[in-house]
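Listed here are the chains, written in short residue letters.
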Amino acid sequence: MTYECILTSVHGDGPRKTGLITLNRPKALNALSDPLMDELGEALLAFDADDGIGCIVLTGSERAFAAGADIPTMLPHTFVSAFTSGLLSKNWETILQVRKPVIAAVAGYALGGGCELAMMCDFIIAADTAKFGQPEVKLGVVPGAGGSQRLPRAVGKSKAMDMMLTSRMMDAAEAERAGLVSRIVPADKLLEEALGAAETINGFSAPSVALIKELVNLAYQTPLRDGVAVERRYFHALFGSHDQREGMEAFLAKRAPKFEHR
Ligand code: HXC
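Parameters and conventions
- Residue positions are given per chain, counted from 1 along the sequence in the order it is written.
- At least 70 in pLDDT is required for a residue's local features to be given in this predicted model, at least 80 for side-chain atom pairs to be given and counted, and no such filter applies to totals for whole chains, interfaces and linings, which use all residues.
- Elements are defined by DSSP. Helices are runs of H or I of four residues or more, strands are runs of E of two residues or more, and each kind is numbered from the N terminus.
- The quantity called the radius of gyration is restricted to C-alpha atoms. Its globule counterpart is 2.2 Å times the number of residues to the power 0.38.
- Placing C-beta atoms from the backbone, we regard two residues as in contact once those atoms come within 7 Å.
- Put plainly, near means the residue's C-beta atom, positioned from the backbone, lies within 6 Å of the molecule or strand in question.
- Each residue is assigned to one class: nonpolar for Ala, Val, Leu, Ile, Met, Phe, Trp, Tyr, Cys and Pro, charged for Asp, Glu, Lys and Arg, and polar for all the others, Gly among them.
- An automatic or database domain assignment supplies the start and end points of every domain.
- Partly exposed residues are those whose C-beta has more than 12 but fewer than 20 other C-beta atoms within 10 Å; with 20 or more the residue is buried, with 12 or fewer it is exposed, and the C-beta atoms are placed from the backbone.
- Nonpolar core, as used here: buried Ala, Val, Leu, Ile, Met, Phe, Trp, Tyr and Cys residues forming one set through C-beta atoms within 7 Å.
- How far a helix is expected to stretch is found by multiplying one less than its residue total by 1.5 Å.
- As used here, the arc is the angular range of directions from the helix axis to the C-beta atoms.

Colleague: Describe the overall build of the protein, listing the residues and the values that go with them.
Modeller: The helix and strand tally for the protein stands at 11 helices and 10 strands. A compact globule built from 262 residues would reach a C-alpha radius of gyration of about 18 Å, and the protein, at 19 Å, matches this within 12%. In terms of overall dimensions, the protein has C-alpha extents of about 65 × 45 × 40 Å along its principal axes. Residue pairs at least 24 apart in sequence account for 69% of intrachain contacts in the protein once pairs closer than 6 positions are excluded.

Laid out in structure tokens, this is it:
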């Protein structure tokens, strides 16, 4: 499949591989235009539907993961045109429909919609050059793809308010301290690290991977008691899988498990 605004490729040596999506509008610092978001949605769903793919990595360029939604195309909108056209709702949440893990590999700027897109991924690996921010206040608007809701959950109210009200950016070290990113690596190792993490995940049983993703996301939507009850059911349910028996037998036999993803 050929795209205009993104690149896709497949990586890995094992039976389940990693789908890599690279945002590719370098002149606009990967600004998230409608065509780009359409292509991103299409590529995400295609990898999700492909049984040979276990994990997806989403990345940008050295200079920018994405500097936000595309400002020139937003500029002429009125309230009515934004509201009736559902401005920037199309495909912005496709990533949340993906059942396989999606890892954001972020170097350079992840601002506005770029930061929101990274936060919609399952976890973020950052290059030491990464900078995160929700600077919409400078444009006279507010975050529009979940930033005002996800950032406080990730870094707490005080830092989220500080970033959104003053428009200051957070560097990679601060983002890691605050819990926004899971690890920081030198910029030239970013892709290797993200693809390595994906390869590790690809080696595990697909049903347990998919259910872990679902459960962790559930933690943001349900009271603790309900989330724990669902977790217990999923835990019990996996005793109906081949891979539970294989994983436990392999541990006791001190050998590597041969998961069959069933
Ligand atoms: C379109 C953008 C862009 C954007 C940068 N560019 N950000 N184009 N939309 N969001 C373009 C610039 O116009 C410029 O094009 C080129 O990329 C390089 O950018 P410069 O500003 O020259 O680079 P630099 O001085 O290094 O500054 C980098 C930057 C700055 C700090 C990232 O570009 C910046 O502040 N960008 C805007 C960030 C922002 O406000 N994001 C939030 C958008 S609102 P030319 O043609 O001049 O070379 C949003 C709402 C989300 O995201 C809602 C989701 C539903």
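Colleague: A description of the site of the ligand should follow, citing residues and the corresponding values.
Modeller: Near the ligand lie 21 residues; those nearest to it are A31, G68, L88, G112 and G144. Taken together, the residues of the shell around the ligand break down into 14 nonpolar, 4 polar and 3 charged.

Colleague: So what's going on with the environment of D70? Residues and values would help.
Modeller: If you trace the backbone, D70 turns up in the loop between strand 4 (64-66) and helix 2 (71-74). Among all residues touching D70, those that are not within four sequence positions of it are A28, A31, L32 and S33.

Colleague: Pulling in residues and values, what's your account of the domain arrangement of the protein?
Modeller: Partitioning the protein into domains gives domain 1 (6-202) and domain 2 (206-252). Each of domain 1 and domain 2 has a C-alpha centre, and the two are 27 Å apart. At the interface, 7 residues of domain 1 touch 5 residues of domain 2. Residues belonging to the side of domain 1 that touches domain 2 are distributed by class as follows: 2 nonpolar, 1 polar and 4 charged.

Colleague: If you had to explain the environment of P207 to someone new, which residues and values would you point to?
Modeller: Along the polypeptide, P207 turns up in helix 9 (residues 206-218). The class for P207 is partly exposed, based on 19 C-beta atoms found within 10 Å. Taking the C-alpha atoms as reference, P207 lies 8.4 Å from S241; in sequence the two are 34 residues apart. Contacts of P207, omitting those with residues within four sequence positions, involve L238, S241, D243 and H261.

Colleague: I'd love a proper account of the nonpolar core, names of residues and values included.
Modeller: Among the nonpolar cores identified, the biggest contains 66 residues, and V57, I103, V106, A110, A118, I125 and A126 are the most heavily contacted of them. Those residues within four positions of I125 in sequence are excluded, and the remaining contacts are I103, A105, V181, S182, R183, V185, L190, E193, A194 and A197.

Colleague: Before we move on, can you summarise helix 1 (residues 34-49) with the specific residues and values?
Modeller: Under the 1.5 Å per step criterion, the end-to-end length of helix 1 is 23 Å for 16 residues, consistent within 8% with the ideal 22 Å. What helix 1 keeps buried is the set L36, M37, E39, L40, A43, L44 and F47. Down the axis of helix 1, the sector holding all buried residues measures 160°, keeping them to one side.

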